[in-house]
Amino acid sequence: MPHESRNPLTRLDPNAPLVLDTRALGRQPGSSREERLTVPAPENFGVEMVGVPEGAAIGLDLRLEAVLEGVLVTGTATVSLTGECSRCLDPIASSFEADFQELFVYDDTRSGGNADDDELRLEGDLIDLEPVLRDSVVLALPLSPLCRDDCPGLCPDCGARLADVEPGHRHDVADPRWAALKDLAGGMAPASPERGNGSSGSRGFDRREGKQEG
């Protein structure tokens with residue numbers, strides 16, 4: 001999945017919460033440092049039915065390591081999720097952890113014949129961590145979240161939560177098409193007695209003999 005692209009004309013803000021400064025590594029392969037940060041969640045950090053509220057705390061446990069091509073970032077993001085169950089529409093509140101690892105290539109390093117348009121690059125000594133977090137957190141969220149795995153949902157007739165009603169909850173709903181047929185049948189005259197049964201004294205015709213019966 002390609003990373004969300006950033007306008008190349010936009011310079012990174014070194015004071016932005018998700019921008020990391022790597023100057024302490026000195027571009028020395030093998031040098032590393034660890035950081036624990038708490039940053040506010042950016043906007044639209046989720047999917048339609050569940051996500052991280054804008055401004056909510058994201059806990060980051062990071063390791064930054066200088067390598068020949070750039071800086072390797074390995075970490076874990078811990079977030080608080082809110083949303084609603086896709087079956088019963090009850091509110092959902094839970095926590096979520098996502099692991100990630102990404103290589104940020106030095107901006108003056110040539111990739112040669114293996115250039116990747118989606119590779120992430122440092123801007124000077126700065127790293128923008130937001131695209132990595134979106135890939136690791138947002139893309140891992142369920143599109144149809146549940147308050148519990150066996151949530152029975154809502155009654156299709158009255159909208160009640162099936163988890164709260166008595167077992168066997170149901171409604172007898174008449175099909176309007178049958179009601180129309182019943183009304184039509186009620187307006188019809190009763191069928192007349194079957195002819196030729198001899199009960200009315202009428203004269204019948206014996207087809208076998210080809211003559212009238214007296």
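Since the model is a prediction, treat every value here as computed from it, not as a measurement.

Colleague: Provide a residue-level description of the overall build of the chain, including the pertinent values.
Modeller: Helix and strand counts for the chain stand at 2 helices and 11 strands. Sequence-ordered secondary structure for the chain, helices as α and strands as β, is β-β-β-β-β-β-β-β-β-α-α-β-β. Across the 214 residues in the chain, those meeting the buried criterion constitute 28%. Partitioning the contacts of the chain with sequence separation of at least 6, the portion at a separation of at least 24 is 59%. Of the roughly 14,800 Å² that the chain leaves accessible, carbon and sulfur atoms contribute 48%.

Colleague: Any details on the packing of aromatic side chains? Residues and values, ideally.
Modeller: Where two aromatic rings form a pair, the distance of their centres and the angle of their planes describe that pair. Going through the model one piece at a time under the given rule, you end up with 0 aromatic pairs. For Arg27, the ring lying beneath its charged end belongs to Tyr106, and the centroid distance is 4.1 Å.

Colleague: Give a description of the nonpolar core that names residues and reports values.
Modeller: For soluble globular proteins, nonpolar side chains are generally found buried alongside one another. The biggest cluster of nonpolar side chains holds 32 residues, and the ones touching the most others in it are Leu60, Val73 and Leu129. Of all the secondary-structure elements, those providing two or more residues to this core are strand 4 (50-52), strand 5 (57-66), strand 6 (70-84), strand 7 (91-105) and helix 1 (130-136). Setting aside chain neighbours within four positions, we find Val73 in contact with Leu62, Arg63, Leu64, Phe100, Gln101, Glu102, Phe104, Ile127 and Leu129.

Colleague: Residues and numbers for the pattern of salt bridges, please.
Modeller: By the definition in use, this model includes 10 salt bridges. Across the pair Glu123 and Arg11 runs a salt bridge whose closest N-O atoms are separated by 3.5 Å. Taken together, the positions of Glu123 in the loop between strand 8 (120-121) and strand 9 (126-128) and Arg11 in the segment before strand 1 (19-21) put the pair 112 residues apart, joining distant regions of the chain. Arg11 gets classed as exposed once you look at its relative accessible area, which sits at 66%. Here Arg33 makes a salt bridge to Glu35, at a shortest N to O gap of 1.7 Å. Taking the relative accessible area as the measure of exposure, Arg33 reaches 19% and is therefore buried. Residues joined by salt bridges that share partners form a network here, namely Arg27, Asp107 and Asp108.

Colleague: Got a sec to walk through the pairing of strand 6? Specific residues and values, please.
Modeller: As judged from the 2 bridges shared by strand 4 and strand 6, these two strands associate in the antiparallel manner. Looking at the pairing, Val50 lines up with Gly83 of strand 6. The pairing of strand 5 with strand 6 spans 8 bridges and is antiparallel. Directly across from Leu60, in strand 6, lies its bridge partner Ala77. Taking the residues that link successive antiparallel strands as the turn, the strand 5-strand 6 hairpin has 3 residues.

How each quantity is defined
The written sequence of each chain sets the order in which its residues are numbered from 1. For a predicted model such as this one, the threshold for reporting local features is a pLDDT of at least 70, and the threshold for listing and counting side-chain atom pairs is 80 or more; totals across whole chains, interfaces and linings nevertheless cover every residue. Computation of side-chain values covers all heavy atoms of the structure but excludes hydrogens and water. Only runs of H or I of at least four residues qualify as helices and only runs of E of at least two qualify as strands under DSSP, and these elements are numbered from the N terminus. Categorising residues by exposure relies on relative accessible area from a 1.4 Å probe, with only protein chains included: less than 20% of the type maximum marks a residue as buried, more than 50% marks it as exposed, and the intermediate range marks it as partly exposed. Only heavy atoms matter for contacts: two residues are in contact if any of them lie within 4.5 Å across the pair. Each accessible area value is a Shrake-Rupley result obtained with a 1.4 Å probe; residue values ignore everything except the protein chains displayed when judging cover. Each Phe, Tyr or Trp ring, with Trp reduced to its six-membered ring, pairs with another whose centre is within 6.5 Å; inter-plane angles below 30 degrees give stacked pairs, above 60 give edge-to-face pairs, and intermediate values give tilted ones. Only when the NZ of Lys or the CZ of Arg is both within 6 Å of the ring centre and within 35 degrees of the ring normal is a charge said to sit over the ring. Buried residues of nine kinds, namely Ala, Val, Leu, Ile, Met, Phe, Trp, Tyr and Cys, make up a nonpolar core once their side-chain atoms join them within 4.5 Å. We define a salt bridge as a contact between a side-chain nitrogen of Lys or Arg and a carboxyl oxygen of Asp or Glu at a distance within 4 Å. Strands are treated as partners if at least two bridges between them are detected by DSSP.

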